[in-house]
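# Summary of structural features
Here are the chains, one letter per residue:
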Amino acid sequence: LLHIRCHDAELRILKHAKEALVWFLEHLNLTEVLNERTEDTPWTWLGSMFYAGQLYTTIGYGFPATSTAAGRVASIFYILFGIPIFLIILKDIGRLMSRGCRKLYKRLRSSRRKIADTKSLQTVSHFFSNKMNARLHAENAFPIPIALSMLFLWILFSASLFCYWEREWGYLTSIYFFFVSISTVGLGDIVFMNPDMMIFNFLLILIGLALLSMCFNLIQVQSFSVFLFSFFCYTPT
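Reference entry: report on the structure contained in this document. (Residues numbered from 1 in each chain as written. Predicted model: local features only at pLDDT ≥ 70, side-chain atom pairs only at ≥ 80, totals over all residues. Heavy atoms only, no water.)

Helix and strand counts for the protein chain come out as nine helices and zero strands. In the protein chain, the order of α-helices and β-strands from amino to carboxyl end is α-α-α-α-α-α-α-α-α. Residue burial in the protein chain is summarised as follows: out of 237 residues, 33% are buried. Put simply, 64% of the contacts in the protein chain that link residues at least 6 apart link residues at least 24 apart. When the accessible surface of the protein chain is summed, it comes to about 16200 Å², and 68% of that surface belongs to carbon and sulfur atoms. (Helix = DSSP H or I, 4+ residues; strand = E, 2+ residues; numbered from the N terminus. Buried < 20%, exposed > 50% of the residue type's maximum accessible area, 1.4 Å probe, protein only. Contact = heavy atoms within 4.5 Å. Areas by Shrake-Rupley, 256 points an atom, 1.4 Å probe, with all protein chains shown as cover.)

Structure representation (structure tokens):
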């Protein structure tokens, strides 16, 4: 009987202690704070990197999103400095990739035809004085359909990886998500659910953005070359 009474007394003490603790937490408004700390949060290190990548790429899926004033102010400063730097870097990467593709294609074409490698034309006078070099320059331009095919194949490859990591996504959904991402639209209707693969998935998107920048640069260079060739090397019949 003494043991039972002691046990009942311990239970009453624990009950009163629990009630006192609950009252203390509610009195200091700590209940919501504890609930936020114990539930799953996207603001891990990987989630924060994913959020930062959305800002400087201007994709903006809308998940995760900051809810504090300090986080929003930090986002504003990050956008102001991150977006210009990223666009400059992306443009340079696209130009380097475009230059590399043009040089590689020129070497392959020259070796196949067994002709000497001609240097790129630098000035308008060179175009005007040497029509053969201008013609070779136009012929050795990297084909735009091949560049677009490279981008399309990368979209298909990345979409297949998305399907493997995100089990709930279909292949068409993955293609849609990747296309929306590299176009920097970022509708936010579909987001990553696997936090462990967020950074790697975003790396695939960055490579897709670089390929898209390369395609734009190739189109720009080839359009300029075609214009110069047609303007300076045109001979009326």
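A separate point is a nonpolar patch on the surface. Taken together, the side chains of V73, I76, F77, L80, F81, I85, I89 and I93 define a hydrophobic patch exposed on the protein surface, amounting to about 790 Å² of accessible area. Here F77 is to be found in helix α4 (residues 69-113). (Patch = residues over 30% accessible without salt bridge, like charges linked within 9 Å, V, L, I, M, F, W, Y side chains within 5 Å. Salt bridge = Lys/Arg side-chain N within 4 Å of Asp/Glu carboxyl O.)

Okay, empty space enclosed by the protein next. All told, the structure shown has one cavity of 30 Å³ or more when counted by the stated rule. By volume, the largest cavity is sized at about 30 Å³. Per-class residue counts for the lining of the largest cavity are six nonpolar, two polar and one charged. (1 Å grid on protein atoms, 1.4 Å probe; cavity = no way out; pocket = protein on both sides within 12 Å on 5 of 7 lines; lining within 4 Å. Points joined across faces, edges and corners; volume = space filled by probe spheres on them. Nonpolar A, V, L, I, M, F, W, Y, C, P; charged D, E, K, R; others polar.)

F162, F177, F178, F192 and I205 are the most contacted members of the largest nonpolar core, which totals 35 residues. Contributing elements (two or more residues each) for this core: α4, α7 (144-165), α8 (171-182) and α9 (198-232). Here the element with the most residues in this core is α9; it accounts for eleven residues. The contact partners of F178, leaving out residues within four places of it in the chain, are W154, I155, S158, F162, L204, I205 and G208. (Core = buried A, V, L, I, M, F, W, Y, C linked by side-chain atoms within 4.5 Å.)

Next up on the list: the side chain of S213. Its location among the elements puts S213 in helix α9. Residues contacting S213, with those up to four places away along its chain left out, are L90, K91 and G94.

What follows deals with the pattern of salt bridges. Oppositely charged side chains can pair when the atoms bearing their charge come close. Inspection of every chain in the model, using the stated rule, returns one salt bridge. As a salt-bridge pair, R95 and D92 come within 2.6 Å of each other at their nearest N and O atoms. Linking R95 with D92, this pair stays in helix α4, spanning three residues, or about one helical turn.

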